[in-house]
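Summary of structural features
Residue-level listing of the chains:
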Amino acid sequence: MASTSAEIIAFLLTISGWVLVSSTLPTDYWKVSTIDGTVITTATFWANLWKTCVTDSTGVSNCKDFPSMLALDGYIQACRGLMISAVCLGFFGAVFGLVGMKCTKVGGSDQTKAKIACLAGLIFILSGLCSMTSCSLYANRITSEFFDPSFVAQKRGYAYNGATSVMSSRTKVHNSVPDKSPPKHFDKNAYV
């Protein structure tokens, strides 16, 4: 009886972890950057694995989906692939875990169920490694931008609310003069 309750608790914990990873994938605010004025925030840039957006001080947002898979940076492609793999592996791990539990009637003998439950555990471990690698890769990119000496002039507050913590990063400077022009991938209506 104790092993059955331990199996159920472990299954519920792995399912809750899979749900959390699944909810992290479409989260909008993986990276948030604000440009502060003297009194108010003048613009907020935010991005996730699927699009980048800007919101001005009046609350008007302008979003742009990433136009092409081939035009993306390699780390975003890797993060996308790893997160989708984590969700898929977690789903199949849940199916195998449900079949391998002692309290279910499908799956055959106890020895077969033990092998299926072990397979489910390995799949869940792979799912966790994929999601952990994806979030770490994304965090490493932001951290390396923060410590890059070519990002000097203007500080922006970055936060990746999808999976990690709040950090600061800096924007690029051309000829040691801060660039006050809007990014090229947003049109002028993003700031009106």
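Calculation notes
- Residues numbered from 1 in each chain as written.
- Predicted model: local features only at pLDDT ≥ 70, side-chain atom pairs only at ≥ 80, totals over all residues.
- Heavy atoms only, no water.
- pLDDT = per-residue confidence, 0-100.
- Helix = DSSP H or I, 4+ residues; strand = E, 2+ residues; numbered from the N terminus.
- Contact = heavy atoms within 4.5 Å.
- Core = buried A, V, L, I, M, F, W, Y, C linked by side-chain atoms within 4.5 Å.
- Buried < 20%, exposed > 50% of the residue type's maximum accessible area, 1.4 Å probe, protein only.
- Polar contact = N/O pair within 3.5 Å; in protein donor to acceptor, adjacent residues only side chain to side chain.
- Pairing = 2+ DSSP bridges.
- Disulfide = S-S within 2.5 Å.
- Expected span 1.5 Å × (residues − 1).
- Axes fitted to C-alpha atoms, helices over the stretch in contact; angles between N-to-C directions.
- Parallel < 35°, antiparallel > 145°, perpendicular 65-115°, else oblique.
- Left-handed = near helix turned anticlockwise from the far one by under 90°.
- Salt bridge = Lys/Arg side-chain N within 4 Å of Asp/Glu carboxyl O.

Focus: the confidence of the model for the chain
Per-chain confidence: the chain averages 78 in pLDDT, with 74% of residues scoring 70 or above. Per-element confidence in the chain is highest for helix 2 (residues 74-100), whose mean pLDDT is 94, and lowest for strand 6 (residues 166-170), whose mean pLDDT is 32. Note that pLDDT drops below 50 for residues 158-178; the model gives that stretch 66 contacts with residues more than four away or on any other chain. For residues 186-192, every residue scores under 50 in pLDDT, and the model assigns this stretch 18 contacts once sequence neighbours within four places are set aside.

Some thoughts on the nonpolar core
Core analysis: the largest hydrophobic core is formed by 15 residues, its most contacted members being V21, L25, W30, L49, M83 and Y138. Of all the elements in the fold, those that place two or more residues in this core are helix 2 and helix 3 (110-147). Counting residues per element, this core draws most heavily on helix 2, which supplies 6 residues.

Description of the side chain of N48
With respect to the helices, strands and loops of the structure, N48 is situated in the loop between strand 2 (41-47) and strand 3 (51-56). A polar atom in the side chain of N48 sits 2.8 Å from the backbone nitrogen of K51. Dropping the residues within four chain positions of it, N48 is found in contact with P26, T27, D28, W30, F66 and Y138.

Considering the environment of G97
Following the sequence through the fold, G97 ends up in helix 2. Distance from G97 to G121, taken between C-alpha atoms, is 7.4 Å for residues 24 residues apart in sequence. Excluding residues that lie within four positions of it along the chain, G97 makes contacts with F11 and A120.

Observations concerning the pairing of strand 3
Most of strand 3 sits out of view: 5 of its 6 residues are buried. Pairing of strand 3 with strand 4 (residues 61-65) involves 5 bridges; the strand directions are antiparallel. Bridge pairing in strand 4 places T55 opposite S61. Taking the residues between adjacent antiparallel strands as the criterion, strand 3 and strand 4 are bridged by 4 residues, where G59 takes a positive phi near 95°.

With respect to the state of the cysteines
Scanning the model with the defined rule gives 1 disulfide in all. Each sulfur in the disulfide pair C53 and C63 lies 2.0 Å from the other. Between C53 and C63, the S-S torsion sits near 115°, and that sign places the bridge as right-handed. Separated by 10 residues along the polypeptide, C53 in strand 3 and C63 in strand 4 bring together distant segments of the chain. The class of C63 is partly exposed, set by a relative accessible area of 37%. Unpaired in this structure, C79 has its nearest cysteine sulfur neighbour in C135, at a distance of 7.6 Å. Exposure remark for C79: the relative accessible area of 0% places this residue in the buried category.

Things to note about helix 2
Every α-helix carries 3.6 residues per turn, so stepping three or four residues along brings you back to the same face. Over its 27 residues, helix 2 runs 38 Å from end to end, which matches the ideal 39 Å to within 8%, given 1.5 Å per residue. Taken together, the buried positions of helix 2 are Y75, I76, C79, R80, M83, A86, V87, G90, G93, A94, G97 and G100.

Section: the packing of helix 2 against helix 3
Interhelical geometry of helix 2 versus helix 3 gives an angle of 160° and a closest axis separation of 8 Å. Relative to helix 3, the element helix 2 is oriented roughly antiparallel. For the pair helix 2 and helix 3, the crossing hand works out as left-handed.

A closer look at the pattern of salt bridges
Overall, the coordinates contain 2 salt bridges when judged by the stated rule. We note a salt bridge from K51 to D28, for which the minimum N-O separation is 3.9 Å. Within this pair, whereas K51 is found in strand 3, its partner D28 is found in the loop between helix 1 (2-24) and strand 1 (31-36), the two being separated by 23 residues in sequence. We classify D28 as partly exposed; its relative accessible area is 28%. Between R141 and D73 there is a salt bridge; the shortest N-O distance is 3.8 Å. On the criterion of sequence distance, the pair formed by R141 in helix 3 and D73 in the loop between strand 4 and helix 2 is long-range, its members being 68 residues apart. A relative accessible area of 33% means that R141 is categorised as partly exposed. Note on D73: relative accessible area 38%, which makes it partly exposed.

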